[in-house]
Amino acid sequence: MGRVFFHRCPTSSLLPSLLTLHGRPLSVSASLFNPRGTRTRISKIQDKQEDEDSELHIPVMREEVIAALSPQHNRIFVDMTFGAGGHTRALLKQGVDTQVYGLDRDPVAFDLAQRMAEKFKGRLHPLLGRFSELETLLQDEGLGPNSVDGILIDAGCSSVQFDTPERGFALSKDGPLDMRMDQDRYPNQPTAADVVNSLDSTTLAKLFKTYGEESHAKRIATAIVEYRQKYRPITTTMELATVISCAFSHTESRIKRDKIGRSAHVATKTFQGLRIFVNNELNELSSGLEMAGKFLRPGGKLAILSFHSLEDRIVKRFFQGREVNEKGRSIHQKRQSSGDILKSSITDNDEEDARLWDPLNRNKVILPSEEEVERNPRSRSAKLRVAVKLGQ
């Protein structure tokens with residue numbers, strides 16, 4: 001592929017101001033991204049929680065999730081992605097003796113959970129950690145295997161993270177290129193800026209294609225490497241979004257649309273890929289599914305909201321008892337490989353008996369209503385899958 005020429009960038013007029021603004025280390029313009037701004041937002045969020053009828057954000061497919069988990073009195077639930085607490089609050093309102101363990105790897109979400117726990121005395125138990133740390137956290141709370149009635153996983157980024165520019169998740173508002181869900185809990189964890197400024201073009205392209213499903217990954221990676229070599233390291237979200245825009249023509253930028261027909265930024269998939277890579281999201285999701293299988297009681301329900309095909313593929317295959325990279329086989333292929341129809345029938349019955357999950361709705365996804373997408377555009381990509389854990 002040829003070189004990317006930045007003078008052809010559809011937003012080239014932004015580059016001089018970016019270079020002037022960020023021509024020195026980030027600390028020089030720290031007033032733009034002062035952590036005090038984050039603390040102020042947290043305070044406002046907590047103030048909103050004082051009013052139970054006021055919500056920080058609209059939980060995606062709340063009614064569908066509650067209907068799927070069908071909470072009853074004296075039940076134990078784990079919300080593995082507490083976020084701003086919308087789903088947790090809905091679960092707690094279903095019964096005066098409902099118990100919810102709210103997990104989140106984000107310290108901001110943990111603070112919000114602690115604040116909410118003050119209102120639901122002894123019923124909400126905040127947990128700070130990743131999916132892969134859940135086993136230890138639940139054991140410390142006195143919960144063992146097969147002890148939970150329902151589990152919810154709302155995969156991906158929370159509204160709190162997207163709406164806080166200082167976190168560096170959103171490309172619509174300028175902020176430091178961070179994207180770490182754990183913030184500073186793990187000092188050695190690389191930020192998104194570390195990734196885009198240290199990896200070579202080939203590796204970046206593979207990252208964007210694999211985790212962002214970006215068809216123009218090579219072009220974007222080339223633009224990033226050439227920019228940082230010619231000008232400076234990329235340190236902010238707007239700077240990265242502008243550089244990515246430089247890899248596209250005016251026409252390509254204009255025709256980019258999201259699932260509901262709105263104009264979409266050409267950097268959206270690249271930002272998704274970076275975020276997933278930085279936070280090891282897919283491996284963490286696999287760990288979370290394993291933990292759900294361990295702690296749910298037989299008959300318990302697992303509800304999972306996913307927002308892109310990579311997540312949904314992992315969830316779907318988990319419910320089917322298949323490995324993530326395993327190729328599917330038709331009934332005809334199974335019978336061919338088994339030798340004869342009788343043997344195939346026996347094998348299929350054995351597989352049926354060994355199943356751990358019984359997906360509801362015949363393993364079909366539940367989608368948000370048109371009204372919800374209109375009211376909350378962030379729900380447009382949501383897919384809900386629900387399954388019951390089998391066993392004695």
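Thresholds applied
Residues numbered from 1 in each chain as written. Predicted model: local features only at pLDDT ≥ 70, side-chain atom pairs only at ≥ 80, totals over all residues. Heavy atoms only, no water. Helix = DSSP H or I, 4+ residues; strand = E, 2+ residues; numbered from the N terminus. Buried < 20%, exposed > 50% of the residue type's maximum accessible area, 1.4 Å probe, protein only. Areas by Shrake-Rupley, 256 points an atom, 1.4 Å probe, with all protein chains shown as cover. Pairing = 2+ DSSP bridges. Right-handed = clockwise from strand over helix to strand, strands pointing away. Phe/Tyr/Trp six-rings, centres within 6.5 Å; stacked < 30°, edge-to-face > 60°. Core = buried A, V, L, I, M, F, W, Y, C linked by side-chain atoms within 4.5 Å. Contact = heavy atoms within 4.5 Å. Axes fitted to C-alpha atoms, helices over the stretch in contact; angles between N-to-C directions. Parallel < 35°, antiparallel > 145°, perpendicular 65-115°, else oblique. Left-handed = near helix turned anticlockwise from the far one by under 90°. Nonpolar A, V, L, I, M, F, W, Y, C, P; charged D, E, K, R; others polar. Salt bridge = Lys/Arg side-chain N within 4 Å of Asp/Glu carboxyl O.

**Q** With reference to specific residues and values, describe the overall build of the protein chain.
**A** Helix and strand counts for the protein chain come out as 18 helices and seven strands. A buried classification covers 49% of the 392 residues belonging to the protein chain. Carbon and sulfur atoms make up 50% of the accessible area of the protein chain, which totals about 19400 Å².

**Q** Describe the pairing of strand E2 (residues 99-104), with residues and values.
**A** In terms of burial, E2 is largely enclosed, as five of its six residues are buried. As paired strands, strand E1 (residues 76-79) and E2 are joined by four bridges and run parallel to one another. Bridge pairing in E2 places Ile76 opposite Gln99. With helix H4 (residues 86-92) bridging E1 and the parallel E2, this β-α-β connection has right-handed handedness.

**Q** Give me the packing of aromatic side chains: which residues, what numbers.
**A** In the structure shown here, the tally under the stated rule is five aromatic pairs. Centre to centre, the rings of Tyr211 and Phe277 are 6.0 Å apart; their planes meet at 50°, and the pair counts as tilted. Of this pair, Tyr211 sits in helix H9 (residues 201-212) while Phe277 sits in helix H13 (residues 268-278), and the two are 66 residues apart along the sequence. With 5.6 Å between their ring centres and 55° between their planes, Phe319 and Trp357 make a pair best called tilted. Placement of the pair is Phe319 in helix H15 (residues 309-320) and Trp357 in strand E6 (residues 357-359), with a sequence separation of 38 residues. In this structure, Phe319 and Trp357 share a single accessibility class: buried. By the ring-pair criterion, three or more aromatic residues cluster together here, those being Phe318, Phe319 and Trp357.

**Q** How would you summarise the nonpolar core if you had to cite specific residues and measurements?
**A** Formed by 33 residues in total, the largest nonpolar core has its most connected members in Phe208, Ile224 and Leu240. Elements represented by at least two residues in this core include exactly helix H8 (192-198), H9, helix H10 (217-230), helix H11 (237-245) and H13. In terms of residues, this core owes the most to one element, H10, which gives seven residues. If we ignore the near neighbours within four places in the chain, the residues touching Ile224 are Val196, Leu204, Phe208, Ile234, Leu240 and Val243. Judged by nonpolar contacts, the second largest core, of 29 residues, contains Leu103, Leu127, Leu143 and Trp357.

**Q** How would you explain the packing of H11 against H13 if you had to name every residue and give the values?
**A** Viewed as axis vectors pointing N to C, H11 and H13 meet at an angle of 130°, and their least axial separation amounts to 10 Å. Here H11 lies oblique to H13, going by the angle between them. In the packing of H11 onto H13, the handedness of the crossing is right-handed. Seen from H11, the contacting residues are Thr237, Leu240, Ala241 and Ile244; seen from H13, they are Thr270, Phe271 and Leu274. In the contact of H11 with H13, the residues fall into five nonpolar, two polar and no charged.

**Q** Tell me about the pattern of salt bridges, and name the residues and values.
**A** Summed over the entire model, instances satisfying the criterion amount to 15 salt bridges. Asp178 is the partner of Arg180 in a salt bridge, and the nearest nitrogen-oxygen pair spans 2.7 Å. The same class applies to Arg180 as to Asp178, namely buried. When the shortest N-O distance is used, the salt bridge between Arg275 and Glu281 registers 2.7 Å. Here the salt bridges do not stand alone but share partners, grouping Arg105, Arg130, Glu133, Asp182 and Arg185 into one network.

**Q** So what's going on with the side chain of Ser379? Which residues, and what values?
**A** Along the polypeptide, Ser379 turns up in the loop between helix H18 (370-375) and strand E7 (383-389). Judged by its relative accessible area of 0%, Ser379 is buried. If we skip the residues at most four places from it in the chain, Ser379 touches Val60, Pro368, Glu372 and Val373.

**Q** Tell me about the environment of Val160, and please be specific about residues and values.
**A** By the secondary structure assignment, Val160 is in helix H7 (residues 159-162). Considering only alpha carbons, one finds Val160 and Gly83, 77 residues apart in sequence, at a separation of 7.0 Å.

**Q** Outline unusual backbone geometry, supporting the account with residue identities and numerical values.
**A** Although it is not a glycine, Ser70 adopts a positive phi angle of roughly 40°. With respect to the helices and strands, Ser70 occurs in the loop between helix H3 (62-69) and E1. Since its relative accessible area comes to 32%, Ser70 is described here as partly exposed. Despite not being glycine, Met179 shows a phi value in the positive range, around 75°.

**Q** Provide a residue-level description of the environment of Glu214, including the pertinent values.
**A** Among the secondary structure elements, Glu214 is positioned in the loop between H9 and H10. For Glu214, a relative accessible area of 1% translates into the label buried. In this structure Glu214 touches Phe208, Lys209, Ile220, Val266, Lys269 and Thr270, once residues within four positions along its chain are discounted.

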